[in-house]
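What follows is the residue order along each chain.
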Amino acid sequence: MNIALTIMIDGLTYASWLFIVALGLTLVFGVLKILNVAHGSFYALGAYAAASLVGWFASMQLAPELSLIAMLLAAVGVAVIVAPLCERGLLRIFYGRDEVLLVLVTYALFLILEDVTKIIWGVNPFYLSEPYALFGNVDIGKQSYVGYDFLLVIVAIVVGFIVWWGLNRTRIGKIVLAVIHSEEIAASMGVNVSRIYTLAFGTGIFLAALGGALTAPMISVQPGISVGVVILSFAVVIIGGLGSIPGAAIGALIVGIARSAAVHLMPVAELFSIYLVMAVVLMFRPEGLFQRSQARKI
Amino acid sequence: MQQTITTQRALSKISIIAAAMLFTLGAAASANAADEFKIGIVSFLSGQAADSFGVPAVNGAKVLIEAFNNGTAPAPYNKKGFGGMKIVPVYVDENGGATKQVQELRNLYERENVDVVVGYVGSGDCLAVAPVAEEMKRFLILYDCGTPRIFEEANYKYVFRTASHAAMDNVGAVRYLKARNVKIEGFNMINQDYAWGHDSLKDFTLSMQVLYPQSKALSDQRPKFGAGQYGTEISQLMSNPADVTHSSLWGGDLQAMILQAAPRGLFKKSQVVLTAADHVLTPLGDKMPDGVIIGARGAYGQMAPKSALNDWWWSEYQKANAGVYPVQAPYRMAQALMGLKLAVEKAMTANKKGGKPSIEQIAEALRGSEWEAPAGRIKMALGDGHQAIQAAAFGRTRYDAAKKMVVLDDIQRFAAECVNPPANMKSDEWIKAGFPGAKCN
């Protein structure tokens, strides 16, 4: 098979899960102006919750196909239970304070959630590889891909479209956009900004947890999985522009394809390639590819 | 005035009582220090290495220390504690990076007043803490980390490693391929992008050049530690199919790679060789492909030689750990603690004053010593008696549905002197020179 096609397919599949997670990160930043270091912890919680729920479905001898529903429910569960606790119980207290302080608060939250995960699930790994085999294999040239990888691509496209449509074509989405532009004016127009914050944070956390739940069948779910993904997600949203949904999509694609090309053509430069791309983008577009330059408020 | 004098007397009494209590407590602490042997045990209790290495190693330490303290271990380990001194472990998490470990090491010596530190899985951690312990003139045993550089690039008086370094794993793997007559024209590699992975791929490549001089390295994948996603690397390995695919991945990284590569057929297209993989057999179960050649960084677990000591160790570990059998990390911890016990007791015998021996006496006793461990004989033969050598073993995986576990077939053990360099040579020089002095029969 043509190596260029292999690079594109690998890049696309890698970009798809990265996009789902990075979309949540960029949404939270766009609305709440919080660079959420704990985003990876919600990804891990999604993976653990999916492992538990899929295991429970299996013990109930339900059809393996229903494990996909279980994974979705796991992500919803994390968003409904954990996100409001964190946002209402902790982050709300620090709204309006220095952005650096909020970064430190989310870092503290990251450390807390790491330990919470260990207290609940322990340090032993969890496996839920059954969903990974649900879609068989797809042979393209010399390569045999797992069908599940392509499912991730479809899910990423659908999720991206739903979030875009929700923001741009629905009433609540327009309210969210109003808050993004100016929370003060939105509040003066009668918008319950606090509720929008909770909604946006919950949606962002749902996307992180969904990314974790969808990735869980491909990995051993164990302590430490939250770190790598958040670093990559930061790279994606910095390339695309903080708070931009098209930016997250293009950023994920760029990272995925750059990494894939490096692995195929120059493996020693794999990690370097991602940050090289980021550095080049920042040299010419310090605000990211899809972030418009903004006048500073005085 | 009277009230002031009364208050002064009361304060004076309190001072005398407090001083007496301090003296008593001090004396008791001093007596305890003489009757106890405090060991700082450092291993991953959190993070990605916890499940595969850190926690099993600590579980092994707990089993062994309890048996030592109760005097229930078999001879020659049947004296209570260390020569009658109660062993008091202090467990510390290795997670957090080399800088943190240096600080934790200092804390263990200076605040916890441990007599010895036994620890470290990470090669980077070992490279960082070894010079610190030496500078502080405190006793340190490295029980697991693999990089050969520790004693090949520096000399130590107070630092020891009671397990073989990574050269053994890769020399042994190539010897196994040769012994099993595996035809190899090309080989691929996938190793982590840090000291352990780099050392492993170098030793494997050099060994292949000696034993399979016609073979060529086709692909050299170096994913970062904790990558999790290996789809692209697997595509690349399958784009250039090789007769053999070598990997020193371990822990969660290895499990993720296997889970992603198996359904894509990598294990059917290439003979995969995993040099440090026995610890993933139990967690993966039937998801572990058949026919994979695996090593365990020693003759550990299912590949351990039959002996009364190994039977006892296996049984005690299983009893304490819900039937899970011990693999490389607990085995390596066990051989470290057994070597230390014998060295302390030997030093106590040599100590004419009696009682707890000095660090220098323990170091002298451990240097160049040999002892029987569950995995066979451990010899402190390299690094001027500070670096151990031991036998290696390899086998092929097969899932046994009746036993509901992965078993190993075609197990072959290699003598320590067959897969480790001699005392006067660095690993890579020894391999490049064609293994001079190797004793393989």
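Owing to the predicted nature of the structure, the values given are computational and were not obtained by experimental measurement. Throughout, residues of each chain are indexed from 1 in the direction in which the sequence is written. Each chain takes a letter, starting from A, and each ligand takes a number, starting from 1, following the order in which they are written. Residue-level local features of this predicted model are given only where pLDDT is at least 70; pairs of side-chain atoms are given and counted only at 80 or more, and the full residue set underlies all totals for whole chains, interfaces and linings.

K.L.:
Give me the lowdown on the overall build of chain A, citing residues and values where you can.
P.N.:
Secondary structure summary: chain A contains 11 helices and two strands in total. Over its C-alpha trace chain A gives a radius of gyration of 19 Å, about what one expects of a compact globule, namely 19 Å for 298 residues. When its C-alpha atoms are laid out on the principal axes, chain A stretches across 60 × 50 × 35 Å. Exposure criterion: with C-beta atoms placed from backbone coordinates, a residue whose C-beta has 20 or more other C-beta atoms within 10 Å is buried, one with 12 or fewer is exposed, and one in between is partly exposed. Expressed as a percentage of the 298 residues in chain A, the buried residues total 52%. A residue pair is marked as a contact if its C-beta atoms, positioned from the backbone, fall within 7 Å. Taking as baseline every contact in chain A between residues at least 6 positions apart, the subset at least 24 positions apart corresponds to 76%. By the criteria applied, helices consist of DSSP H or I runs no shorter than four residues and strands consist of E runs no shorter than two, each listed in order from the N terminus. The globule rule used for comparison is 2.2 Å times the number of residues to the exponent 0.38, while the radius of gyration itself is calculated over C-alpha atoms.

K.L.:
Let's hear about the interface of chain A and chain B: which residues, and what values?
P.N.:
The partner chain B presents 33 residues to the 37 residues of chain A that form the contact. Elements supplying a minimum of two residues to the side of chain A that touches chain B: helix 1 (3-32), strand 2 (143-146), helix 9 (225-240), helix 10 (245-265) and helix 11 (270-284) of chain A. Residue contributions to the side of chain A that touches chain B peak at five residues, all from helix 1 of chain A. Three categories are distinguished: nonpolar for Ala, Val, Leu, Ile, Met, Phe, Trp, Tyr, Cys and Pro, charged for Asp, Glu, Lys and Arg, and polar for the others, with Gly belonging to the last. Its residues placed into classes, the side of chain A that touches chain B shows 18 nonpolar, 13 polar and six charged.

K.L.:
Give me the domain arrangement of chain B: which residues, what numbers.
P.N.:
Residue and element names in this part refer to chain B. Domain annotation for chain B reports domain 1 (36-164 + 305-389) and domain 2 (167-296 + 391-432). Contacts between the two partners involve 22 residues from domain 1, matched on the other side by 21 residues from domain 2. Elements with a minimum of two residues in the side of domain 1 that touches domain 2: helix 2 (50-70), helix 4 (123-136), helix 13 (328-350) and strand 12 (376-382). Broken down by element, the residue count for the side of domain 1 that touches domain 2 peaks at four residues, all from strand 12. Looking at the side of domain 1 that touches domain 2 residue by residue, the classes come out as 10 nonpolar, nine polar and three charged. Boundary definitions for the domains trace back to an automatic or database domain assignment.

K.L.:
Which residues make up the nonpolar core, and what are the values?
P.N.:
A general trend in soluble globular proteins is that nonpolar side chains are found buried together. The nonpolar core criterion groups buried Ala, Val, Leu, Ile, Met, Phe, Trp, Tyr and Cys residues into a set whenever they are joined through C-beta atoms within 7 Å. Leu18(A), Ala50(A), Ala209(A), Ala213(A) and Val255(A) are the most contacted members of the largest nonpolar core, which has 247 residues in total. With 17 residues, the single largest contributor to this core is helix 1 of chain A. Shared between two domains, this core holds at least three residues of each, these being domain 1 (36-164 + 305-389) and domain 2 (167-296 + 391-432) of chain B. Not counting residues up to four positions away in its chain, the partners in contact with Leu18(A) are Leu232(A), Ser233(A), Val236(A), Ala252(A), Val255(A) and Gly256(A).

K.L.:
Lay out the packing of helix 2 (residues 39-59) of chain A against helix 4 (residues 99-121) of chain A in plain terms, naming residues and giving numbers.
P.N.:
All names here are of chain A. Axis geometry follows a simple rule: fit a line to the C-alpha atoms, using only the stretch in contact for helices, then measure angles between N-to-C directions, giving values from 0 to 180 degrees. At a closest axis distance of 9 Å, the pairing of helix 2 and helix 4 adopts a crossing angle of 15°. Considered as vectors, helix 2 and helix 4 are oriented roughly parallel to each other. Here helix 2 runs over helix 4; the crossing is left-handed. Contacts between helix 2 and helix 4 involve Gly40, Ser41, Ala44, Leu45 and Tyr48 from the former and Phe110, Leu113, Glu114, Thr117 and Trp121 from the latter. Looking at the contact of helix 2 with helix 4 residue by residue, the classes come out as six nonpolar, three polar and one charged. Orientation categories follow fixed angle ranges, with anything under 35 degrees roughly parallel, anything over 145 roughly antiparallel, 65 to 115 roughly perpendicular, and all other angles oblique. Take the far helix as the reference: if the near one is turned anticlockwise from it by less than a right angle, the crossing is left-handed, and if turned clockwise, right-handed.

K.L.:
Go over the pairing of strand 9 (residues 271-274) of chain B with me, naming the residues and quoting the values.
P.N.:
Residues and elements named next belong to chain B. Of the two faces of strand 9, the one lined by Gln271 and Val273 and the one lined by Val272 and Leu274 are each fully buried. Strands are labelled as partners when DSSP assigns at least two bridges between them. Pairing analysis gives four bridges linking strand 8 (residues 244-247) to strand 9, with the strands arranged parallel. Across the sheet, residue Ser247 finds its bridge partner in strand 9, namely Leu274. Pairing geometry for strand 9 and strand 10 (residues 293-295), over two bridges, is parallel. Of the residues in strand 10, the one forming a bridge with Val273 is Ile293.

K.L.:
How would you explain the sheet that holds strand 6 (residues 186-190) of chain B if you had to name every residue and give the values?
P.N.:
Residue and element names in this part refer to chain B. The strand order across the open sheet formed by seven strands is 7-6-8-9-10-14-15, and the pairing between neighbours is mixed. On the outer flanks of this sheet lie strand 7 (216-221) and strand 15 (405-414), each paired with one strand and no other. The mean inter-strand angle of the sheet, taken between neighbouring strand axes irrespective of direction, is 25°. Bridging between strand 6 and strand 8 involves four bridges; their strand directions are parallel. Considered in strand 8, the bridge of Asn188 is made with Thr245.

K.L.:
Describe unusual backbone geometry, with residues and values.
P.N.:
Residues and elements named next belong to chain B. In this structure, Pro76 follows Ala75 across a cis peptide bond, with omega equal to 5°. Here Pro76 shows up in the loop between helix 2 and strand 2 (86-93). Of note, the phi angle at Arg297 is positive, near 65°, even though the residue is not glycine. Take Arg297: it is sitting in the loop between strand 10 and helix 12 (308-320).

K.L.:
Mind laying out helix 3 (residues 98-110) of chain B, listing which residues take part and the relevant values?
P.N.:
One full turn of an α-helix is made of 3.6 residues, so residues set three or four places apart face in the same direction. Residue and element names in this part refer to chain B. With 13 residues, helix 3 ought to run about 18 Å at 1.5 Å a step, and its terminal C-alpha atoms sit 18 Å apart, in line with that. What helix 3 keeps buried is the set Gln101, Glu104, Leu105, Leu108 and Tyr109. What you see down the axis of helix 3 is that its buried residues fit within an arc of 130°, all on one side. Away from the buried face of helix 3 by more than 90 degrees, exposed residues Thr99, Gln103 and Glu110 are located. Along its buried surface, helix 3 packs onto strand 1 (36-43), strand 2, strand 3 (116-119) and helix 4. Expected span of a helix: the number of residues minus one, times 1.5 Å. The reported arc concerns the directions from the helix axis to the C-beta atoms and nothing else.

K.L.:
Run through the packing of helix 6 (residues 171-181) of chain A against helix 8 (residues 193-215) of chain A, naming residues and quoting values.
P.N.:
Packed helices, taken two at a time, are described by their axes: the angle between them and the distance between them. Residue and element names in this part refer to chain A. Between helix 6 and helix 8, whose axes approach to 10 Å, the crossing angle comes to 105°. Classified by the angle their axes make, helix 6 and helix 8 are roughly perpendicular. Side by side, helix 6 and helix 8 meet where Ile175, Val176 and Val179 of the first sit next to Val193, Ile196 and Ala200 of the second. A class-by-class count of the residues in the contact of helix 6 with helix 8 yields six nonpolar, no polar and no charged.

K.L.:
How would you sum up the environment of Ile112(A)? Please name residues and give values.
P.N.:
Residue and element names in this part refer to chain A. Along the chain, the position of Ile112 falls in helix 4. What makes Ile112 partly exposed here is the crowd of 14 C-beta atoms within 10 Å. In this structure the C-alpha to C-alpha distance between Ile112 and Phe150, which are 38 residues apart in sequence, comes to 34 Å.

K.L.:
Now, about helix 2 of chain A: what can you tell me, with residues and values included?
P.N.:
Between its terminal C-alpha atoms helix 2 of chain A stretches 30 Å, which fits the 30 Å expected from 21 residues at 1.5 Å a residue. Extensive coverage of helix 2 of chain A is indicated by the burial of 16 of its 21 residues.

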